Structure formats: structure tokens, C-alpha cells
Amino acid sequence: PNNRPTICTADGANCVAITSRVHWDVGGYDYRPNSAGTVPQKLDSGENVRRARIGVVGKLLEDWNFALIYDFGGTADGFGGTGAAGAVPVGFLPGGGTSGIENAFISYTGLKPFGGKMAIEAGVMDLAWTMDESMSSNDIPFMERASVGVIAQNIAAGDFRSAVGTRWYNDVFWAGAYATGPTTGAIHSASTASPPGTSEQYGATARVAGQVVSGNDYSMHLGADAQWLIQPPRNLIANTQTLTLSDRPELRIDPTTLISTGAIPNVSGAQVYGVEAAGTYGPLFVQGEYYWFNIDRNANTAVAPISTSSLNFQGYYAEAAYVLTGESRKYNPGNAAYGGVKPTNPFSLAGGGWGAWEVAGRVSQMDLNDKIASAAGIAGGRQTVYTLALNWYVNGNVRFMLDYLHGTVSKQPLPPAAFANTGASFDAVAMRTQFAF
Amino acid sequence: PNNRPTICTADGANCVAITSRVHWDVGGYDYRPNSAGTVPQKLDSGENVRRARIGVVGKLLEDWNFALIYDFGGTADGFGGTGAAGAVPVGFLPGGGTSGIENAFISYTGLKPFGGKMAIEAGVMDLAWTMDESMSSNDIPFMERASVGVIAQNIAAGDFRSAVGTRWYNDVFWAGAYATGPTTGAIHSASTASPPGTSEQYGATARVAGQVVSGNDYSMHLGADAQWLIQPPRNLIANTQTLTLSDRPELRIDPTTLISTGAIPNVSGAQVYGVEAAGTYGPLFVQGEYYWFNIDRNANTAVAPISTSSLNFQGYYAEAAYVLTGESRKYNPGNAAYGGVKPTNPFSLAGGGWGAWEVAGRVSQMDLNDKIASAAGIAGGRQTVYTLALNWYVNGNVRFMLDYLHGTVSKQPLPPAAFANTGASFDAVAMRTQFAF
Amino acid sequence: PNNRPTICTADGANCVAITSRVHWDVGGYDYRPNSAGTVPQKLDSGENVRRARIGVVGKLLEDWNFALIYDFGGTADGFGGTGAAGAVPVGFLPGGGTSGIENAFISYTGLKPFGGKMAIEAGVMDLAWTMDESMSSNDIPFMERASVGVIAQNIAAGDFRSAVGTRWYNDVFWAGAYATGPTTGAIHSASTASPPGTSEQYGATARVAGQVVSGNDYSMHLGADAQWLIQPPRNLIANTQTLTLSDRPELRIDPTTLISTGAIPNVSGAQVYGVEAAGTYGPLFVQGEYYWFNIDRNANTAVAPISTSSLNFQGYYAEAAYVLTGESRKYNPGNAAYGGVKPTNPFSLAGGGWGAWEVAGRVSQMDLNDKIASAAGIAGGRQTVYTLALNWYVNGNVRFMLDYLHGTVSKQPLPPAAFANTGASFDAVAMRTQFAF
């Protein structure tokens, strides 16, 4: 990216660059639980260091790319995350272990089959899985990605994920497949009692995509995504095997999730399938994705409930962004996703430029309810969020974002509990201050 | 600073520099509690990585300064800080979550009103609030700053603090005002039960200062400081709203605090006001500050005691330093504080230089006792510390410090408990090994 | 090392370089406990970010070297490590606080007595103590160092260790001695109750070594090592003074240790003495070390058992490596150890090189059993591991390692418990992906 400081050897075959990004969020919620049974009852207005990354990236002897990037920020900034010992407060950070190794991988690019480019990679990496995730967090038009993609990625892709795999691409097509393991910081020990040792999970992802149409000032992208959780982590003390799907309400000033399945018992595997479409027409950018989730519940754990039927969830989002100052988002073939807005006239009181200004809107829905008429169902809630955004790209490195969100959560208890409206609605306004290189 | 490695674009408009500092302390205490009722009964001699920072700083398109700096050290080096779950040992680090994001901010300097310079800044930053804090920790004549300033800053300024504000300055005057939020790592969640969710605090700081007299080899600085804790964090489970004022005995080999108010209940707000004066005459440097604290205790929490009277505390320090080798401390108008000692002849066995040598002395007092004749008072203790220092500035990046401290703490229980002398006295010797760029 | 990006001042007297290393491990165990009484009963196959370091190193005014390096990886990657509050799960990372400050020190090299070089150093550093530790983890022929050295170093040397000392060397001889303190992250407080405050430990190390024979394509190294734990940390609540010797089975995908003395009570001090020998003959490299441990148990703690007899443990390893492509390991006089394999023809599909290929084998034994016929003995177990390795040095910065391990642990309870075979055996295969500069 712009102005990233890089040191190369004289022959240019070896380069080390320093990369950094800070995303600092300030905002407030007007959160309205539908009843006293709604959880949570409150959200915190305030601030959060959403991302604070420092790292080194580069290439060694032309063909070997590498990265080591650490994120000091997170959903609740600060290290740690030990929240509680049973019900006894521990006096440290809530929000979970959110800082971590963002990237620690090697990527070999020396093979170039079929007239395209190819990367064979291993380590901890951001997988270009879902189109939303494939666009850098420095470039996305909203402060947070849509819930459906976040929930999908967290199963066997997403941040801090260990993986081995390959991607191939040319100017039009992209295809990638990865075997994935646990995230950094997950439990590595089979033998501890507290916290309980677990086995390490494994899964896989695949994605094919292409910029099927492209012209001088327009383009169209289509793609398909698949993910498999092949072996969930197994708690070796309680002998349980669970999976939790949840997300925050597309804003993370308060790290609390509004929709959550809780720990689904006896999960033997999960599959996620999705389709993606996007396009540009001059300064207009549109994008949408749909994902369908299947969760199998027949793990052999001897813990009730035994062999319940599978669960299905789904969600989607659709968004449009328009750059008032006329710039276009360019396609990035290496990730099969569109890039960010680079201002033609960076803001300068001396030079007279005003940077680039963008407006954007999104509707996003994630439904974590299934079989809610039955005690064997899951009532995780259905969240719908409408977001409006105004983004100011000061120059190629600095951006300010202003988001307004209106959201509703439909939620209820499962039978035999009596029906109760445990949903909520909220409005929120938040602002991000960002630099990156 | 000296020898900071910096990479700029060819036009010089964009620069990224790497910054680092290590302060490594070794020392021992002779600590003498006045009675068996004194807390603590012991202090640990030993070592501590007081500061270990790596970060990137620079400018983007001339007017946008940025910084991301992480401190891996701390009062008790190492991450974590979870000390206890109730009374059950957790087996990890004491001393609190002391590592954290030191700086993560953007500062815009494109406006230059009234013939001066101006910075509009947002993010996590070190606020130039109190004169002691406005001098870099690489430059202060003693290993630790005086307790009165540390206690004042920790209320709504200090390290790891989120803030938005502005400062304006020219060669003579400086004025700055900031709205401040919580520190990184503070609780962001309103909805957790353990640890209990809290609301995020907010406050504000203001400071005006000027180098009112300056000549060829002398100068004088005067200033005034104000700070407001407008909304203390509210514990949303226990419904409490508290504030704790405390500090270590101006040395942090052992992270234990000797004076502390404990958690003052029902704090609705706090104000701190102070004055500062400093000057140089050739190699002589003198500085002093006085701060007055008011703590309001009428928060509406339904937790006793209800609406107690306000508390007042105060403290001061006065210090003098003399550079035996003749160098002077220069004034830094951007922070309205004096800078460090740059040796004219850096130490070199080959070159014959001996670096710069400085002697310094300080008397510092902080009184955290108020209304101690009454059960509604606070008996936090009154600490007086005398410090002598010998500093060797090897070159522009390396410094060794040797401090001797003699301190006394006057402390007693509040009535109706019988009077007891729970104070202490101590002597300590410590040495710092430092490099920075 | 190769391609480390470095920025110097024009006169070359001041340089700052960026250093980084990533070691990412994937592997699996076939672990077979000898009985149901064996602890542990299981090991986790999976992955681990073994090392993930970023730091700055360099020199200031020619004679002052410095380093600040942080390791974000660890035996269980990720920060934290709070494992349990009593028996209550805390829900965070197992494996202990394994991330930390790897290096934070200053080293002065301006004195050059007796025609050699000398470094006087202070701070947190890797001590060149044991020959295995003196070879960089980027260069060692196996994924983990032999247990005997790891256990020896962890007493009063090893990673994250605070130390002050000096080393002197010329092309043939090396001698070094250091006073050492606690590691970063150890308890600094004498006064906390949970976790219990401890005093800080101190100890010392000494090593003399020499490349006693060297010719055009052969060389031989001999050395002797000594270490003293002078004052173990004392738990100031329980009044205990303990030492634990343990290690993982020369692979750390699962962080569980197989052999461990447990916390030996009433330890008043410990001494370790060892000898080392190594040599090269063209592409052949051989190395071995033997260490003998004495643990004194007459600390005055008033906690039983009082003044028990001393304990003795011992261990050794012997290894050989052969570079199939003909490269030799060069001697590094500054650490008195051999360096790594630098491929003559780095791998390149374009250039036709295949890098360097190395095969290696090691036998390693550590015996933590002593006086096991008596209740006053320690039955920590005797571990024997055979390792075969195949290493591919792609270029000067990238390496892949494949290790096969076969190990056995002989273990039993102490009397009066009935004899039981609580040992185990295992086979393991693991692969490391590595870059470093």
C-alpha cells in the first residue's frame, strides 16, 4: 500500500517492509431491550482501539513472501481476556483474548501454472474467504463487516487462523483451497484439567471467483464459497464437542454479542456454502453475499442430546457505495475482491484538494433461529441491521468513517419455556479514525 | 530524537520512523514498617523491565502525524496481570495489566492560527498534562516522576489514555485542552457479570504554560493545569462508582503502592488544579509543581455512605539538577517542558569524551489523608520522599541512572478503630540502564 | 544475518536493524501411556506458533550494542496463560505465560583486553550458556534442543532472563560469567496474597570454551559450563522455597511435560556442571553435552521435610548432522558455538539451485529420578528420545524441517506407594516452516 517503508537488497530480490494500521472507534448506542428477559439489558457507549497492528512483510529471494503481523487492538482492546473464574470476578479484561498473531506465514509464488499466478502458503494467515473478508479492513465501506460473513469465517477461517493451502489466479479467475486448524491462542493441551484440555480442530475452505465482465468503467464479479468444519475441538474432560455461532451488532464499541446460538452440543461437523456478487460502474460499487449453514449434531459424546437432527441457518447482506468525488474501486485479482478508494486529490489546505468522499448503505440479516417450535431447536435470534456510512479518504493513508446503524433482533426462548419477546432494537452512531501503511 | 531510523518518500512529505526505548531497573529496598499493622510488611528487591517500547511514528502528506507504540514492559514487566480470583491464587502475574498501547493516534497540524502551531489529535496518547509528564521519560532526572503528578494524571490523563483535543503553541506560549475517555484495557462491556460490566469514564484536561523569560543562558517557565473527572466508571452490577488514588514510592522494582485511598465510594466527579514553575540557568535546572485534588462523593448509587462531604488532597515536589559537564536542558515548545541532556562529548575511549554527568535532588510529598478524625474521612497516608540522583549520559541514546531514596509514610486507621501507627519508612538504591531512539 | 534490513547514520557509527523470526510447527503424536496411572494420558496433535519475534537491534556510537526483541509465540502460542483458579476453569490459555520479552539489553564492546573482544552486558538476554543454547534456534539441526540443556538453562539462565555480566573471546577461546535474576513476568511483589508474593531469585552462570583444533575443513570445540542457583524465589505467604525441573518431550505441539520433579520442597540452592564437545569435518557436524545437577534441600522454611539430603540428576545428548549438498557449519567465536547451514545454491526454479539438504540424528537422555527407593526421593522420570531430522535450507532465510521422534519415559511412584509403571512411550512426526532475518 501507499507509502509503506521498504528496504530491499541492491538486486531487489529481498525486501522487508514495515506495515502498521490503527483503527480507533468512538461511538454511542441507544439500545432498547424488548423485555426484562432480554440479554443483554445494556450496551456501553465509549471508545475502542479496534485494530493496532505492527508487522513486517516482504519477499526473500523473489519467490518467498512472508509476513509477521501482530494486532495489539481487538474487540476489547488490551491483552488478556480472562473474564471470570466460575462466577468469581478475576478483575481483568472482558471481551476475550482478542489480541493475537494476525499473520505469521510463508507464501511461495515460484510456480506459475496455466498462465496465471499461484501462491502455496502455510502458517497463520487471513484467508481470502467470503468476498467481504477478501477486501482489506482498511478499505471496506463500513466500520464492521456484515454479520453473516463474520459468523461464517469464525467457524474454520477468519483471523488468527492456522492454515495450509494454495490459491491460483489470473486477471479474470481466482480459485483457492485451504486446510485449516485452530486459531492462535486456542488450547494446545490434551491433558490439562482447568482449563479443560481439548483436541485441536480442523477444517477446510474453498472459493472460486471471477471478474466475469469488465470494461473501461464497469466490472462484475461472481463467486462461490464453501467451508467445512471437519473435526470440532473436543473437550477432553467433559467429553463434549460444541460450536458457538454469534456476532456483535456490526459495531464493537461494546464487545457484547446480541445474537448467539450458545454452545450447540454434540456438533460433529458443519458446512457453509455461499454465493457472492459485486460490481462497479464508475464511482458506484455494489456487493452482496448469501451464506447457508448446516450444523450436524451426531457426535459420539455420550452427553445428551444424542443424535439430534441437523440445524440450518442463513444470512445475507447487500450494500452499495458511491464516491461523490468520482474515484472508482479497482479490482484486486490476488484476492478476488475490490480494493479501496484512493483519492485523486488528497486533502491539503495548501494544495486545495479535498480528498475523496463516499456515501454507502447496507442491509444485513443473520438468522440464528432454527426449529424454534421444538426443544431441540436453537433460538439464537434473527438480527437485521441497516447501516448508512459517510467516509472521508483524506489521502492514501488516512481515513475517517461515520456510521449510523439501525438494528433489530428477534429472539424468544425455546419451548417448553413460555413464549417471551427477548429481542431488542438499537440505533448507534460511531466514528472511526484510521491510518494505515 | 537522536539516530531514529526514518524512511521518507522522495518528496519528503511522507516519513515512517521506528522508535524504541528500554529502561531496565535493578535495585533494593530497606523497608521498615512502623508496626505489625502496616500494609505492606515487605518490599521486594530485584529487577524490572520498566519500559520496553517498539513503535512506528511519522507523518503522512506533511500535515498528518501518527504514532503506534506498544509498551511490553511495565510496573511489573510481562503481560497479563490477573492476580486473583477472589482469594484463590490464579498463578499468574501480579501488578496489574501494565503492558499496553502507549500511543495510537493521528495528529493534524495543517492549521497554524495566530502565528503559532496547532495540533488536533485523536486516539490513544500521552497527554502533555503536568510539567513532569510533559518531559519524556527518557529525559527526566529521576527514575520515577513525583507521586503527586502520577496520582493526578491517573485520574483522567496518564498513559494508555484515549483522548480527543487540541494544543496550540508558539515559541513562548502553549495551551491545550482534551476530552478524555478510559485507558486501553479498561472494561468495554456493560453486560458482563464477571468481571462486572462498567460504563466507560470520561473527563477533560486543560493546561496553559509559557516560557515567560528566556535569555542566552537562562529561562523561566510558568504554567497552570486543570483536570476534571466528569463521569467516573460505574460498576453496573454492584451499582457502585468509585475512584482510587495511589502510587508506588517513586520506585517500581516492587509494584506495591504504599499510599492509597482505597476505592473511594460514591464518587460523582473529581477536579485537580495545579501550578508549575521551572527554569534553567546554564547547567542548572529547577522545577516544581503543586496539585490540589477535590473528590465529590454524592453519586446516586443507593450504596452507603450517601452524599458524604467532598475530600481534598494535595501534594507537591521541588527538584534541582546540575550538569557537571556544563550542558543545558533546552526548552521544547511543542510540549511546554524542558528536554533532556545531550552530551557535548559523547563517551568514547577512542575519542576521549566522557559523556555528560548530572547530579539531582528532589523532595516530594503527597498527602492522601483527609478528615482522618472522622469515620467519613480517608486515611490514604502521607508520603514524603527525598531522592538523590547521579546520571551519566553516555551519548545521545544511552543513559545510566543511580538513585538513592529516603522516604517516610505517615498512616493510621480511621476512627472508630483505635489509633495505630501503620506508617513506614524506607531507604532504597536503584540503577537504571537505558537506551532510546 | 542474511538480508536483515539495517539503517545506519552516514558515518556508520549508529545502526538500527529490524529482526524477525517465525517458526511454525505442525505435527502429530502416537502417545502410549504404560498404565492408567500415567500422567498425562493423552497428547494433542496439531499446530503451534513456536516462535514469532519482532525486534530492533543495532549499535549506538560504535561501542554500544542494544536489542529489544519480543516473542509473540511460545510453547502455547498466544498471550496470557492463566490456566486455573484452584480447580475452577478460567477459560483462557494453558501452557503458561510463554510470550515475553526475549531481549532487552545493552552490551558495551569498547574494551578489548588481552588482544580479544569483550562485551559487558546488562538487561534481559539470551545467555550463551550450554553449547546447544549458544547456537541460534534458527540454526539448530532439530526442532527442539535436547531436554538436559533446556532443564539446566531454566534454573538460572534461559529465555527472558535478567542478567549482568561479561564475556571475552578471541578466535580460539571464549569465557563468560553472569549474575542472573528472575525472568520477565516473574512475580515482583513481596506483598500480594494471591498470587502469593515471592522474593526474586538470583543465581550465576559461567562458561569457558575453545575451538581447540581448527584446520581448513575440520575443527574441534571443547567447553565446560557451571551454573549456581544461589537464592531460589521464596513464597512469602506459604514460606516455601521450591524448584521444579521439567521438560516437554523435545517437541512442543502439545505443551505438556512428560518428565517433572514437581515442586521440590525446601530448595536452598542448586548447582549444575557440564562439559561440551563438538566438531566439524567438512559437511559433517557432531556435538554432545553432559550435565550433572545437584539440588540442596536444607532451606530454613519450617515446612516439612526439614533438611533432607541433596538430590542429583543427570542427562546428556549426542547428535550428528551431515549436509548432503556439502556445506559446512562455521564456528561463531562470539558465542563459542557452531552456526547454521548457508546454502551455496539457494533454491530457485529459475536459477536451478536446490538449496542445502541436511540429515541429522540425536540421542538424548534426561534422568529426573533420584533416591526412588525412598520416600525422600524424587521420581521425576527418565526420558530417552531418539530423533531423526531432514532439513531443507531453501535460502539464507527460509528453512523447512521434518523431525521423527521415538521416545520412552520410565516413571514410577515413590514408596510407600506400591510400585506401578507410570511411564509412557511415544512416536511423533512434526514439520517446521521457518523464516528469519
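Residues numbered from 1 in each chain as written. Chains lettered and ligands numbered in written order. Predicted model: local features only at pLDDT ≥ 70, side-chain atom pairs only at ≥ 80, totals over all residues. Heavy atoms only, no water.

As a further point, take the overall build of chain A. Counting its regular elements, chain A contains two helices and 23 strands. On C-alpha atoms alone, chain A measures out to a radius of gyration of 22 Å, which is about the 22 Å that the 2.2 N^0.38 rule sets for 437 residues. Oriented by its inertia axes, the alpha-carbon framework of chain A measures out at about 65 × 45 × 45 Å. For chain A, buried positions account for 62% of its 437 residues. Working note: accessible area of chain A is about 14600 Å², and carbon and sulfur atoms make up 60% of it. (Helix = DSSP H or I, 4+ residues; strand = E, 2+ residues; numbered from the N terminus. Rg over C-alpha atoms; globule rule 2.2 N^0.38 Å. Buried < 20%, exposed > 50% of the residue type's maximum accessible area, 1.4 Å probe, protein only. Areas by Shrake-Rupley, 256 points an atom, 1.4 Å probe, with all protein chains shown as cover.)

Before going further, it helps to examine the pairing of strand β21 (residues 378-393) of chain C. All names here are of chain C. Among the 16 residues of β21, twelve are classified as buried, and the element is accordingly described as predominantly covered. Taken together, the 14 bridges between strand β20 (residues 356-370) and β21 define a ladder with antiparallel strand orientation. Across the sheet, residue E358 finds its bridge partner in β21, namely N391. (Pairing = 2+ DSSP bridges.)

Attention shifts here to the side chain of T384(C). All names here are of chain C. On the secondary structure map, T384 appears in strand β21. A distance of 2.9 Å separates polar atoms of two side chains, one belonging to T384 and the other to Q365. Ignoring anything within four residues of it in the chain, the contact list for T384 reads S364, Q365, H406, G407 and T408. (Polar contact = N/O pair within 3.5 Å; in protein donor to acceptor, adjacent residues only side chain to side chain. Contact = heavy atoms within 4.5 Å.)

Let us now look at unusual backbone geometry. Among all residues except glycine, the phi angle is most often negative; among peptide bonds, the trans geometry is most common. Here P415(A) and P416(A) are connected by a cis peptide whose omega angle stands at 10°. The topology assignment puts P416(A) in the loop between β22 (398-410) and β23 (424-436). Of the consecutive residues V39(B) and P40(B), the connecting peptide bond is found in the cis state with omega at 0°. Considering the arrangement of structural elements, one finds P40(B) in the loop between β2 (15-33) and β3 (46-60). You will see that N239(A), though not glycine, has its phi angle at about 65°, which is positive. Topologically, N239(A) is positioned in the loop between β12 (218-231) and β13 (243-247).

Glancing now at the state of the cysteines. Residues and elements named next belong to chain B. Enumeration over the complete set of coordinates arrives at three disulfides over all chains. The partner cysteine of C8 in its disulfide is C15, sulfur to sulfur 2.0 Å. Measuring handedness by torsion sign, the sulfur bridge of C8 and C15 sits at about 105° and is right-handed. The exposure class of C8 is partly exposed, given its relative accessible area of 41%. (Disulfide = S-S within 2.5 Å.)

In an α-helix, one turn spans 3.6 residues, which is why side chains three or four residues apart end up on the same side. Residues and elements named next belong to chain C. By the criterion of burial, helix α2 (residues 147-156) is predominantly enclosed, with nine of the ten residues buried. Listed in full, the buried residues belonging to α2 are S147, V148, G149, V150, I151, A152, Q153, I155 and A156. Of the residues one or two after α2, G158 is the one with positive phi, at around 75°.

Moving on: the side chain of T280(B). Residues and elements named next belong to chain B. With respect to the helices and strands, T280 occurs in strand β17 (residues 269-281). A polar contact of 2.8 Å, which involves the side chain of T280, links it to the side chain of S219. Those residues within four positions of T280 in sequence are excluded, and the remaining contacts are D217, Y218, S219, F285, R329 and Y338.

With that settled, the discussion passes to the packing of aromatic side chains. Applying the stated criterion across every chain yields a total of 60 aromatic pairs over all chains. Seen from their ring centres, W64(A) and F400(C) are 5.8 Å apart, and the 50° between their planes marks the pair as tilted. Of this pair, W64(A) sits in strand β4 (residues 64-71) while F400(C) sits in strand β22 (residues 398-410), each in a different chain. F400(C) carries the same exposure label as W64(A), and that label is buried. Both rings, one in Y108(A) and one in F347(C), keep their centres 6.0 Å apart while their planes meet at 45°; by these two values the pair is tilted. With Y108(A) in strand β7 (residues 100-108) and F347(C) in the loop between β19 (337-338) and β20, the pair connects residues from two separate chains. (Phe/Tyr/Trp six-rings, centres within 6.5 Å; stacked < 30°, edge-to-face > 60°.)

A word on the pattern of salt bridges. Evaluated as defined, the whole model comprises 55 salt bridges over all chains. The closest approach of N and O atoms between E276(B) and R207(B), which form a salt bridge, is 2.8 Å. Taken as a pair, E276(B) in strand β17 and R207(B) in strand β11 (residues 202-214) lie far apart in primary sequence, 69 residues in all. Since its relative accessible area comes to 2%, R207(B) is described here as buried. Residue D247(C) is joined to R252(C) by a salt bridge in which the shortest nitrogen-to-oxygen separation is 3.7 Å. A relative accessible area of 2% places D247(C) in the buried class. Here the residues in one salt-bridge network are D25(A), R50(A), E144(A), D247(A), R252(A) and R432(A), joined through shared partners. (Salt bridge = Lys/Arg side-chain N within 4 Å of Asp/Glu carboxyl O.)

All names here are of chain B. As for its position among the elements, Q287 is in strand β18 (residues 284-297). Considering only alpha carbons, one finds Q287 and N2, 285 residues apart in sequence, at a separation of 25 Å. A polar atom in the side chain of Q287 sits 2.8 Å from the side chain of Y317.

This part is about the environment of V385(A). Residue and element names in this part refer to chain A. Structurally, V385 can be placed in strand β21 (residues 378-393). The spacing of V385 and P249 is 136 residues in sequence and 7.6 Å in space, taken between C-alpha atoms. When neighbours within four sequence positions are excluded, V385 is seen to be in contact with E250, R362, V363, S364, L405, H406, G407 and F426.

It is worth spelling out the environment of G158(C) at this point. All names here are of chain C. If you trace the backbone, G158 turns up in the loop between α2 and β9 (161-169). Its relative accessible area of 5% is what places G158 among the buried residues. Sequence-wise, G158 and L127 are 31 residues apart; in three dimensions their C-alpha atoms are separated by 6.6 Å. When near neighbours in sequence (up to four residues on either side) are disregarded, G158 contacts M125 and Q153.

Right, let's talk about the confidence of the model for chain A for a bit. With 94% of its residues at a pLDDT of 70 or more, chain A has an overall mean of 92. Here residues 89-97 of chain A is modelled with pLDDT under 50, and outside its nearest four sequence neighbours on either side it reaches 43 contacts, counting other chains as well. (pLDDT = per-residue confidence, 0-100.)

Further remarks concern the pairing of strand β8 (residues 117-125) of chain C. Residue and element names in this part refer to chain C. Judged by how many residues are buried, β8 sits mostly within the fold: seven of nine residues are covered. Across five bridges, strand β7 (residues 100-108) lies against β8 in antiparallel orientation. Bridge pairing in β8 links F105 to G123. The pairing of β8 with β9 spans nine bridges and is antiparallel. When the sheet's bridge partners are listed, G123 is paired in β9 with A163.

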